[in-house]
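# A look at the structure
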Amino acid sequence: MLVAGAGGIGAACAEAFLQAGARVLIADQNTERLAAFAGTASIAADLTTTDGCEQAVRAARTELGGLDVLVHAVGINHRVPVLDTLDEDWDRILDVNLSSAFRLGRAAGRIMVDAGYGRQIYCSSVSSLLAHPDHGPYAASKGGLNQLVRVMAREWAASGVTVNAIAPGYVETALTTAYLDRPGVREHYTGMVPAGRLGTVDDLTGPVLYLASRQSAFVTGHVLYVDGGRTLV
Ligand SMILES: NC(=O)c1ccc[n+]([C@@H]2O[C@H](COP(=O)([O-])OP(=O)(O)OC[C@H]3O[C@@H](n4cnc5c(N)ncnc54)[C@H](O)[C@@H]3O)[C@@H](O)[C@H]2O)c1
């Protein structure tokens, strides 16, 4: 399987799959993060580019002997009001969060559709549904991702390929910690979660393993909120 993104969520998923006995290749542009996976196949690639995505998929197929599962856990955020959002911020966030999903999903999808089997899992967000202020490009990228997931799911359903997303609320990773560390922010968001706490990366690995399994064969085009009830309120 190919895990794209070796940050907090991608690394936790890769660990969980390795523990379950899967053969894993991890792709990220950050070589320090890849270095944490000594002994595991990896590739340094800019996954906003078609070349980077195709190289990662080729490496997974060659080094693992095939590609049955793709987990996409690549993403960035930049919290500013829409009126202050620069074109380059918009372009960058859409590129990293959405275009990389399209380019990687397409490259992996070609192999999976040919093989007649595959599982693709994408990291969406509660921001795909809720209108968080200062999240214009991020929310747009995640809303777009949900729809991309649904269309790929429909197009590939008859080929044995399922495409789903998990949608977490706040989880402590490099993407969020500096923001959550601002005075009052962690408490504010914790208070919005019916479960009474923020998520952890370990909350996500079970849902991802399930969606990657053979047992989830009839689940496709689904966005699974893993958010302690955040989207209920
Ligand atoms: N952490 C959260 O609270 C949270 C909540 C909802 C959704 N998500 C989503 O989950 C996914 C993973 O988030 P995370 O918390 O692990 O973030 P993270 O910052 O810990 O990891 C993201 C990884 O993406 C990599 N990356 C960024 N741009 C890249 C590029 N062009 N090419 C290759 N790799 C690139 C980074 O190097 C990093 O390792 C993202 O899509 C994020 O939007 C996170």
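Before reading on, note that the structure itself is shown above.
For the structure given in this document, a descriptive report is provided here. None of the values given here were measured: they were computed from a predicted structure.

## What to know about helix 5 (residues 136–156)
In this model helix 5 runs 30 Å from its N-terminal to its C-terminal C-alpha over 21 residues, within 8% of the 30 Å that 1.5 Å per residue would give. For helix 5, the set of buried residues is P137, Y138, A139, S141, K142, L145, N146, L148, V149, M152, A153 and W156.

## Section: the environment of T200
Along the chain, the position of T200 falls in the loop between helix 7 (185–190) and helix 8 (201–212). Sequence separation of T200 and T173 is 27 residues, and the distance between their C-alpha atoms is 8.5 Å.

## Quick look at the site of the ligand
Around the ligand lies a shell of 30 residues, among which D28, R33, Y138, V171 and T173 are the nearest. Contact between the ligand and Q29: a nitrogen atom at 3.3 Å from a side-chain N or O atom of the residue. Compared with its free state, where it exposes 840 Å², the ligand has 96% of that area covered by protein. When residues of the shell around the ligand are traced back to their parent elements, those giving at least two are helix 1 (8–19), helix 4 (87–115) and helix 5.

## Some remarks on the packing of helix 4 against helix 5
Direction vectors running N to C along helix 4 and helix 5 enclose 15 degrees, while the axes themselves pass 8 Å from each other. It follows from the interaxial angle that helix 4 and helix 5 lie roughly parallel. The two elements helix 4 and helix 5 cross, and the hand of that crossing is right-handed. Residues W90, I93, L94, N97, L98, A101, F102, G105, G109 and V113 of helix 4 form the contact with helix 5, whose own contacting residues are G136, P137, Y138, A140, S141, K142, G144, L145, L148, M152 and W156.

## Some words on the nonpolar core
Residues L2, L47 and Y122 are the most contacted members of the largest nonpolar core, which totals 38 residues. Listed by contribution, the elements that provide at least two residues to this core are strand 1 (2–4), strand 2 (25–28), strand 3 (41–44), helix 3 (50–64), helix 4, helix 5 and strand 6 (161–168). When near neighbours in sequence (up to four residues on either side) are disregarded, Y122 contacts L70, H72, A101, G105, L145, V149, M152, V163, N164, A165 and I166. Counting residues in each nonpolar core, the second largest holds 26 residues, with M1, L34, C123 and V201 among its members.

Thresholds, definitions, all that
Chains are numbered independently. Their residues run from 1 in the order of the written sequence. Under the rules for a predicted model, residues below a pLDDT of 70 receive no local features and side-chain atom pairs below 80 are neither given nor counted, while totals for whole chains, interfaces and linings still include all residues. Side-chain measures here rest on the full set of heavy atoms in the structure, leaving out hydrogens and waters. The helix count covers DSSP runs of H or I at least four residues long, the strand count covers runs of E at least two residues long, and both are numbered beginning at the N terminus. A helix is expected to span 1.5 Å for every residue after the first. Think of it in three bands: with a 1.4 Å probe and only protein chains considered, a residue is buried below 20% of the maximum accessible area for its type, exposed above 50%, and partly exposed in between. Any residue with at least one heavy atom within 4 Å of a molecule or strand is counted as near it. Pairing of N or O atoms within 3.5 Å defines a polar contact, subject to two protein rules: one partner must be a possible hydrogen donor and the other a possible acceptor, and residues neighboring in sequence count only if both atoms are side-chain atoms. Reported accessibility uses the Shrake-Rupley method at a 1.4 Å probe radius. Residues are deemed covered only where the shown protein chains occlude them. Axis lines are fitted to C-alpha atoms, over the contacting stretch for helices. Their N-to-C directions set the angle, which ranges from 0 to 180 degrees. Angles are sorted into four bins: roughly parallel if under 35 degrees, roughly antiparallel if over 145, roughly perpendicular if 65 to 115, and oblique for all others. Two helices cross in a left-handed way if the nearer one is turned anticlockwise from the farther one by less than a right angle. They cross in a right-handed way if the turn is clockwise. Any two residues whose heavy atoms approach within 4.5 Å are treated as being in contact. Think of a nonpolar core as a cluster: buried Ala, Val, Leu, Ile, Met, Phe, Trp, Tyr and Cys residues, connected wherever their side-chain atoms sit within 4.5 Å.

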